[in-house]
Amino acid sequence: MDLPAPVDSSILGARVRDGGCHFALWAPRATRVELALVDEDRGQRNHDMTRNDDGVWVLFVPDVEEEQRYGFRVHGDWDPAAGARFNPARLLLDPYARAITAGVDYNGPILDHPAGDDYELDPTDSSEAVPLSVVVADSPRPTPLERRVPLSESVIYETHVKGYTQNHPAVPEHLRGTYAGLAYPAVIQHLKEIGVTAIELLPIQHFVSEPFIVGRGLSNYWGYNTLGFFAPHAAYCSVGTLGQQVTEFKEMVSAMHEAGIEVILDVVYNHTGEGGHEGPTLSFRGIDHAGYYRLTEDLRNDYDVTGCGNSVDTSQPGVLDLVLDSMRYWVTEMGVDGFRFDLASELIRDENHYVDQNHAFKQRIAEDPAFEGIKLIAEPWDMGPYGYQVGNWGPGWSEWNDHFRNFTRDWWRGAISGVSELAGRLCGSPDTYDRDGRSVTASINFVTAHDGFTLRDLVTYDRKHNEANGEENRDGTDDNRSWNCGHEGETDDPGINALRHRQTKNMMATLCLAMGVPMITAGDEMGRTQGGNNNAYCQDSPISWVHWDTQEAWRDLTGMTQKLLQLRAEHPALRPEVFRHSEEVTDADGKGVGRLDLAWFHQGGGQMGDGEWNDGGRRTLGMYTSDADSAFLLWFHADPQATEVTLPGEPWGEGWRVTVHSGFDGEFPAEEELLLPGAKLTIPGRSVVVLRAELPQRAA
């Protein structure tokens, strides 16, 4: 359905100026739109708006100031067969609202139809049951970054605003679980000590819970159910919901920037919190069902490729404007440094719902100077036909690399033998990304994320334990690729616990040492557990919150993570900007130095040949990476039995020092001990070890 796009989408929303407020709403098929100004006692003053030729309804109201609550009543035909579900009894949120008051009364009349018939209009007024839009005046922008961090230097830390500080002992109680809590000095200090360069926040655009979750006495904790694309989630503010959330979010961004940490938003533009047409009507559906959402050919039902009931229709120019305007607002006004796009393939489907990698969504981002240097990370799939688009997003984009996740889990639990794929994952998954001029930083490497087991749970549980979710353990994936190390759940057995520590360190080391961009899930570096729950989306509870009291027991994992990320930061040899193809390293004068920038070694100290690569039983691989200034030999050994390796000599190195390892005290030589070429090094079963090369001194 072709609808006129706004001539100038920058006027949309509520703008305080000229002694009042300008309101504008894109509702191209509406026959009448009323602006409802809502008082503190929910009393309303309604004003008719005027329609422009482009379908934008406008109105200026004198003396309206910030903190004014408002909504819209949109009139038109009730004709579900035409994708029209206009119902002026519904008080609707402004899609461009910069703040939203609160949540939803799920017992109220929030559906646009009676419970017994999805296609019949319900005239009951909804104004007492729905959240309200809030007028927000312009305010100063956050402190900018002194230096934007290149992707090749980035370490991303995926975290949840509430869950990260809800139990933090150093954060004042009244700030825990808020933007201010996340900005607290003790929190930032921990991020800096680990080596984090960017926090990736689970959704903070204002979201609501799904009715079926609320019916179980739970709530949507993760936040992948957006209702307002411009509004920071109100419940994460420590002081108010009438625009204070905007100020507090900006202050959090400023604090991160002043510490040199970037802020990336996990954004959910692919669907909204209204669900399918049988769900609540809170904003978009009431403004224009066929305008905002993908519909089936009969226009009566939502065409869902998200698994969440609806799919936002970015083939409509007015809807695409909404998404890009939202992104631009978060960058230019709220100070964020990048986006991770949930179910990104949905955003590049055309008017026929086909995936199009040349979609206007990507083209307009590439052309917009506001997004220059911004990190763009795709979750490169959705639930629809041909939605799996891993490796296809092209230059300028990075992608969550599920190949890396799956392989790393499988290799360390012993489900894969041979080392060929290990080499590919360690050098940035060139089989997936080394084409079309893409960089090695196209690969966002991760072992865990918010969805699934934590790192500790990967080595503690063979099976999911989601009983608390209220779905009889039917929800969540069964494809965990985990290994409980011999006992399901927590145990006092020292041997099993030692193995679990070693295995978490092995997977963390693989993540930190692989080329590409590492993403760590918050708390994994200090042994966070969800008790085997691999689908904690509805657990706003201790199941999901980070428990800071694990730090002492898991200090070995934390310490190793810190050392690895420090090495990565200090040595570009461990974090190349481009794919390596085993080429000779050159010095500043362009003269070859005799060693390669990438090489692979077997236990005997020689380079891997066809026989070694084709050995399906091989469980040990040495990775050599170097540049003009430094060189490292990394050994990955997944066999449960120890192995002995011979250290190579020149040109690879004149000697070697053990710098970091995943073992325990006394298992490896101290860093002060120089190991000469030809020396034998015993690597305990299931271990990673990093050796730094002593290189020839350059002539002055």
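Calculation rules
Residues numbered from 1 in each chain as written. Predicted model: local features only at pLDDT ≥ 70, side-chain atom pairs only at ≥ 80, totals over all residues. Heavy atoms only, no water. UniProt positions renumbered as here; feature names shortened; annotations may be inferred. Helix = DSSP H or I, 4+ residues; strand = E, 2+ residues; numbered from the N terminus. Rg over C-alpha atoms; globule rule 2.2 N^0.38 Å. Contact = heavy atoms within 4.5 Å. Areas by Shrake-Rupley, 256 points an atom, 1.4 Å probe, with all protein chains shown as cover. Lys, Arg positive; Asp, Glu negative; His and termini not counted. Charge placed at Lys NZ, Arg CZ, Asp CG, Glu CD. 1 Å grid on protein atoms, 1.4 Å probe; cavity = no way out; pocket = protein on both sides within 12 Å on 5 of 7 lines; lining within 4 Å. Points joined across faces, edges and corners; volume = space filled by probe spheres on them. Nonpolar A, V, L, I, M, F, W, Y, C, P; charged D, E, K, R; others polar. Pairing = 2+ DSSP bridges. Buried < 20%, exposed > 50% of the residue type's maximum accessible area, 1.4 Å probe, protein only. Core = buried A, V, L, I, M, F, W, Y, C linked by side-chain atoms within 4.5 Å. Salt bridge = Lys/Arg side-chain N within 4 Å of Asp/Glu carboxyl O. Domains from an automatic or database assignment. Phe/Tyr/Trp six-rings, centres within 6.5 Å; stacked < 30°, edge-to-face > 60°.

In the annotation of an unreviewed UniProt entry, the entry for the protein reads Glycogen debranching enzyme GlgX, and the organism field reads Enemella evansiae. Taken verbatim from the UniProt record of the protein, the Sequence similarities (unreviewed entry) comment is "Belongs to the glycosyl hydrolase 13 family."

Undergrad: Outline the overall build of the protein, supporting the account with residue identities and numerical values.
TA: Each helix and strand in the protein was counted, giving 15 helices and 30 strands. Compactness check: the protein gives a C-alpha radius of gyration of 27 Å against a globular reference of 27 Å for 700 residues, within 12% of the reference. By its C-alpha atoms, the protein is 85 × 60 × 50 Å across when sized along the principal axes. Expressed as a percentage of contacts within the protein between residues at least 6 apart in sequence, the contacts between residues at least 24 apart total 71%. For the protein, the accessible area works out to roughly 25,300 Å², and carbon and sulfur atoms hold 47% of it. Within the protein, the 108 negative side-chain charges are centred at a point lying 3 Å from the centre of the 58 positive side-chain charges.

Undergrad: Give me the lowdown on the layout of surface pockets, citing residues and values where you can.
TA: Volume-wise, the largest pocket comes out at about 1,100 Å³. Along the walls of the largest pocket sit 46 residues, with W222, C308, M383, D451 and N535 positioned nearest its centre. When contributions to the lining of the largest pocket are tallied by element, the ones reaching two or more residues are α4 (211-214) and α9 (402-413). The dominant element in the lining of the largest pocket, judged by the number of residues it contributes, is α9, at 4 residues. Classifying every residue of the lining of the largest pocket by side-chain character gives 15 nonpolar, 19 polar and 12 charged.

Undergrad: Tell me about unusual backbone geometry, and please be specific about residues and values.
TA: In this chain, E650 is followed by P651 through a cis amide linkage whose omega measures 10°. Counting through the fold element by element, P651 comes out in the loop between β27 (643-646) and β28 (655-661). Backbone geometry places D18, a non-glycine residue, at a positive phi of 60°. Residue placement: D18 occurs in the loop between β1 (13-17) and β2 (20-26).

Undergrad: I'd like a rundown of the sheet that holds strand β5 (residues 50-51), residues and numbers included.
TA: In space, the 4 strands of this open sheet follow the order β1-β2-β6-β5, with antiparallel pairing throughout. A single partner strand is all that each edge strand has here, and the edge strands are β1 and β5. When β2 meets strand β6 (residues 56-62), the two strands line up antiparallel, connected through 7 bridges. For L25, the partnering residue across the bridge sits in β6 and is W57.

Undergrad: Run through the pairing of strand β24 (residues 598-601), naming residues and quoting values.
TA: Residues L598 and W600 of β24 are buried on one face, and the alternating residues A599 and F601, pointing to the opposite face, are buried as well. Relative to strand β25 (residues 620-626), β24 is paired through 4 bridges, and the arrangement is antiparallel. When the bridges of β25 are listed, L598 appears paired with T625.

Undergrad: An account of the side chain of Q503 is needed here, citing residue identities and associated values.
TA: Tracing the backbone through its elements, the reader meets Q503 in helix α13 (residues 494-513). In this structure, Q503 is in contact with W412, R413, V459, W483, C485 and R686, ignoring residues within four places of it in sequence.

Undergrad: Go over the UniProt feature "domain: Glycosyl hydrolase family 13 catalytic" (unreviewed entry) in the protein, please, and point to the residues and values.
TA: Cross-referencing UniProt, the feature "domain: Glycosyl hydrolase family 13 catalytic" (unreviewed entry) maps to residues 158-555 in the present numbering. Across residues 158-555 one finds 30% helix and 11% strand; the C-alpha atoms that close the span lie 20 Å apart.

Undergrad: So what about the nonpolar core? Which residues, and what values?
TA: Membership of the largest hydrophobic core comes to 177 residues, with the highest contact counts inside it found for F23, F249, M327, F341 and F361. Considering each element in turn, this core owes the most residues, 9 residues, to helix α7 (residues 317-332). Listed in part, the 19 residues of the second largest apolar core include F601, L647, I683 and L691.

Undergrad: Kindly report on the pattern of salt bridges, identifying the contributing residues and their values.
TA: A full pass over the atoms with the stated rule returns 39 salt bridges. A salt bridge links D39 to R45; the shortest N-O distance between them is 3.3 Å. Classification of R45 by relative accessible area gives partly exposed; the value is 40%. A salt bridge links D325 to R328, with the shortest nitrogen-to-oxygen separation between them at 2.8 Å.

Undergrad: Account for the sheet that holds strand β4 (residues 44-48), naming residues and giving values.
TA: In sheet architecture, strand pairing relies on hydrogen bonds along the backbone and comes in two forms, parallel and antiparallel. Pairing in this open sheet of 5 strands is antiparallel, and the strands run β4-β3-β7-β11-β10 from one edge to the other. The open sheet terminates on both sides in strands that have one partner only, identified here as β4 and β10 (99-100). In this structure, strand β7 (residues 69-75) lies alongside strand β11 (residues 133-134), joined through 2 bridges in antiparallel fashion. Looking at β11, one finds that R69 is bridged to V134.

Undergrad: For the environment of I444, give the residues involved together with the corresponding values.
TA: If you trace the backbone, I444 turns up in strand β20 (residues 443-445). I444 sits 186 residues away from S630 along the chain, and the two C-alpha atoms are 24 Å apart. The residues touching I444, leaving out its near neighbours within four places in the chain, are I156, I377, S398, E399, W400, N401, V517 and M519.

Undergrad: So what about the domain arrangement of the protein? Which residues, and what values?
TA: What the domain assignment lists for the protein is domain 1 (13-135), domain 2 (151-452) and domain 3 (580-694). Placing the centre of domain 1 and that of domain 3 at their C-alpha centroids yields a distance of 64 Å.

Undergrad: How would you sum up the packing of aromatic side chains? Please name residues and give values.
TA: Tallied over the full model, the rule gives 33 aromatic pairs. Summarising the aromatic geometry, the rings of F23 and Y70 are spaced 5.1 Å apart at their centres and angled 65° between planes, so their arrangement reads as edge-to-face. Here Y70 lies in strand β7 and F23 lies in strand β2, a separation of 47 residues in the sequence. Using a relative accessible area of 1% as the deciding quantity, one classes F23 as buried. Summarising the aromatic geometry, the rings of F453 and Y461 are spaced 6.2 Å apart at their centres and angled 40° between planes, so their arrangement reads as tilted. Look at F453 and you get buried, because its relative accessible area is 1%. Classification of Y461 by relative accessible area gives buried; the value is 8%.

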